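Residue strings, one per chain:
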Amino acid sequence: MTHIPRCAVLAAGLALVAGLAQAQTTSTTGRLLASNCFQCHGTNGKGPGFDTIAGKSANEIYQDMKEFQSGQEGKGIMAKHSWGFTDAQLRDLSNYLSRQR
Amino acid sequence: MQRRSFITGSAVGGLGLFSGCGGGSVAADATGTAEALSASQRAGAVPMATTPKARVIVIGGGMAGTAVAKYLRLWGDAVEVTLIEKNPKYVSNIMSSLVLTGQRTLSSLTYGYDTLKSRYGVKVVIDEVLAIDPVAVRVTLKSGGTLSADRIVLAPGIAFDSYAGSYDVNRMPHAWQAGPQTTLLAQQLAAMPPGGTVVLTIPKAPYRCPPGPYERACLLADWLKVNKPRSKLIVLDANPDFVTEVDNFSQAFFGLHASVIEYQTNVAISSVDSASMTLFTNLGAISGQVINLIPPQRAPALVKATGLATSPDGRFAPVDVLNYASMAQSRVHLIGDSSATTQPKAGHIANQEAKVCADALSRFFKGQSPDPAPVTNSACYSTITRSQASWLTAVFQYDPASKLMTSVANASGASEGWSGDNFEQMNTWFKALMGDTFA
């Protein structure tokens, strides 16, 4: 075990408890849309599977999807998938995924 | 019970922290904390209320049923979920054609319900449902006794038609539900001498896994070339053309595997004689050393007996795709292959139907309406050879005018050809899909 300052351990423990409490009240907007990603990127985007997407910024995820749409990422399965959602839906699912840590 | 252990877990964590602060070694603190945290995370992943706000019975622990049970516990507010499944383990149909070529074992495709129980607090009952009372929302179990709930979610998969004549499913295996049938077909293929004839039949759509029979034909053709030289694979399709992925399967059937595959369309099988290994068809009698007879499919008898199989042909159960409630009985929901929707019958999209259903039910138990604009997606890989694959995908949006899920044109389609990279991706996809469903 590495040396972890005691207060940091305590803080981490408290943060976890706070995180659990917060998770109970977090908005569910985008959750069902984002769950379309889970079959290939893991539950809540946390793997196992293809690239882990949980915790990337909402803008990064959204821009990734726009790049897939533009074709600059090639002709893979995501080039198709990215066109399956409206722009508003892409924003919602990106926001949801960015909150998964 | 779960909630109590959750609170206990947190308290242990707290004690560990403070006793650590009281003078224990840092290393001991860190270890103790890690254990306490993981224990509380495990127990507290989805805490179970002592008094559930709602109860759901899920019937069937396949791709759809397992996913809905998991997501009802993840997303539902104190929903008690009981999953009833006949078999203690699930054997994946996805990837099971690779057992025929010796590239996969059935045990590598076998999944249990332990994580569903321990991590998500799903109550798992290994039993068979004999009858459903859709009004009282009650089920009768084979072992005796009844269970009741606020809602039932049915995910029973498919059943097979029989054939006129002397039909023996063990002499002409379908291997379309992975398990003993898969082993049987693998053994028959292995025992066939070189220069033999294999027959594979494709039933009228809709059936489970639209590209499945074509990918199996391609895989077997590739395997026959090497392992059973001079053999022939006769594919008898009840449909007028390739049901899906026409470009890739045409190129594979008529190009890559043309020396092995003989493809016939619009084939109607009137009767079979399993003793002489013969199919009687509109093309005449067709015999083979190995016959992979994949029968027409429908929702299992329980769906019909409950009065839910009200599609025009009486084979499948129409549902409201906003919440997957049966059109015939609103307190019974139906997801996966036994439902009649515009979506394909396949494990990946069944997982998404399960999520839409779980979301709608968790909203319903809070007095809310379902999401008015659900999206679902289908994705899969097809083996074209033993080391190369293609892919196929579709995204569906809800259309309020027709009340159907409609595929988004430019989000739906197949790969241009096949590759070894796609074969690798297939393994990643399968691992992820099974993880999102069973873990």
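Residues numbered from 1 in each chain as written. Chains lettered and ligands numbered in written order. Predicted model: local features only at pLDDT ≥ 70, side-chain atom pairs only at ≥ 80, totals over all residues.

Description of helix α11 (residues 420-438) of chain B
Then, in step 1: Under the 1.5 Å per step criterion, the end-to-end length of α11 of chain B is 27 Å for 19 residues, consistent within 8% with the ideal 27 Å.
Then, in step 2: Regarding α11 of chain B, the residues found buried are Asn422, Met426, Trp429, Phe430, Ala432, Leu433, Met434, Asp436 and Thr437 of chain B. (Helix = DSSP H or I, 4+ residues; strand = E, 2+ residues; numbered from the N terminus. Expected span 1.5 Å × (residues − 1). Buried ≥ 20, exposed ≤ 12 C-beta atoms within 10 Å, placed from the backbone.)

Let's talk about the nonpolar core
Considering soluble globular proteins, one finds that nonpolar side chains tend to be buried as a cluster.
Residues and elements named next belong to chain B.
Then, in step 1: In this structure, Val58, Val68, Leu233, Ile335 and Cys357 are the most contacted members of the largest nonpolar core, which totals 138 residues.
Then, in step 2: Both domains that furnish three or more residues to this core are identified here as domain 2 (54-158 + 299-370) and domain 3 (162-295).
Then, in step 3: Sequence-distant contacts of cysteine 357, defined by excluding residues within four places in its chain, comprise Val68, Val153, Asn323, Tyr324, His333 and Ile335. (Core = buried A, V, L, I, M, F, W, Y, C linked by C-beta atoms within 7 Å. Domains from an automatic or database assignment. Contact = placed C-beta atoms within 7 Å.)

Structural notes on the confidence of the model for chain B
Residue and element names in this part refer to chain B.
Then, in step 1: In the predicted model, chain B carries a mean pLDDT of 91, and the fraction of residues at 70 or more is 89%.
Then, in step 2: Of all the helices and strands in chain B, helix α1 (residues 2-21) carries the lowest mean pLDDT, 29, while strand β13 (residues 232-237) carries the highest, 99.
Then, in step 3: Confidence drops under pLDDT 50 across residues 1-44; counting only partners more than four residues distant or on other chains, this segment forms 59 contacts.
Then, in step 4: Taken together, the chains of this predicted complex give a pTM of 0.87 and an interface ipTM of 0.88. (pLDDT = per-residue confidence, 0-100.)

Concerning the packing of helix α4 (residues 58-70) of chain A against helix α6 (residues 87-98) of chain A
All names here are of chain A.
Then, in step 1: The contact between α4 and α6 brings their axes to 8 Å, and the two run at 135 degrees. Looking at the two axes, α4 sits oblique to α6. Along this stretch, α4 crosses α6, giving a crossing that reads as right-handed. Along its contact with α4, which presents Ala58, Ile61, Tyr62 and Met65, the element α6 presents Leu90, Arg91, Ser94, Asn95, Leu97 and Ser98.
Then, in step 2: A per-class count over the contact of α4 with α6 returns 6 nonpolar, 3 polar and 1 charged. (Axes fitted to C-alpha atoms, helices over the stretch in contact; angles between N-to-C directions. Parallel < 35°, antiparallel > 145°, perpendicular 65-115°, else oblique. Left-handed = near helix turned anticlockwise from the far one by under 90°. Nonpolar A, V, L, I, M, F, W, Y, C, P; charged D, E, K, R; others polar.)

What about the sheet that holds strand β6 (residues 129-133) of chain B?
Residue and element names in this part refer to chain B.
Then, in step 1: Strand order across the open sheet formed by 3 strands is β6-β7-β8, with antiparallel pairing between neighbours. The open sheet has two edge strands with one neighbour each: β6 and β8 (146-148). Averaged over all neighbouring strand pairs, the angle between strand axes comes to 20 degrees, with direction disregarded.
Then, in step 2: Sheet topology note: the strand β7 (residues 138-141)/β8 ladder contains 3 bridges and is antiparallel. Looking across to β8, one finds that threonine 140 is bridged to threonine 146. (Pairing = 2+ DSSP bridges.)

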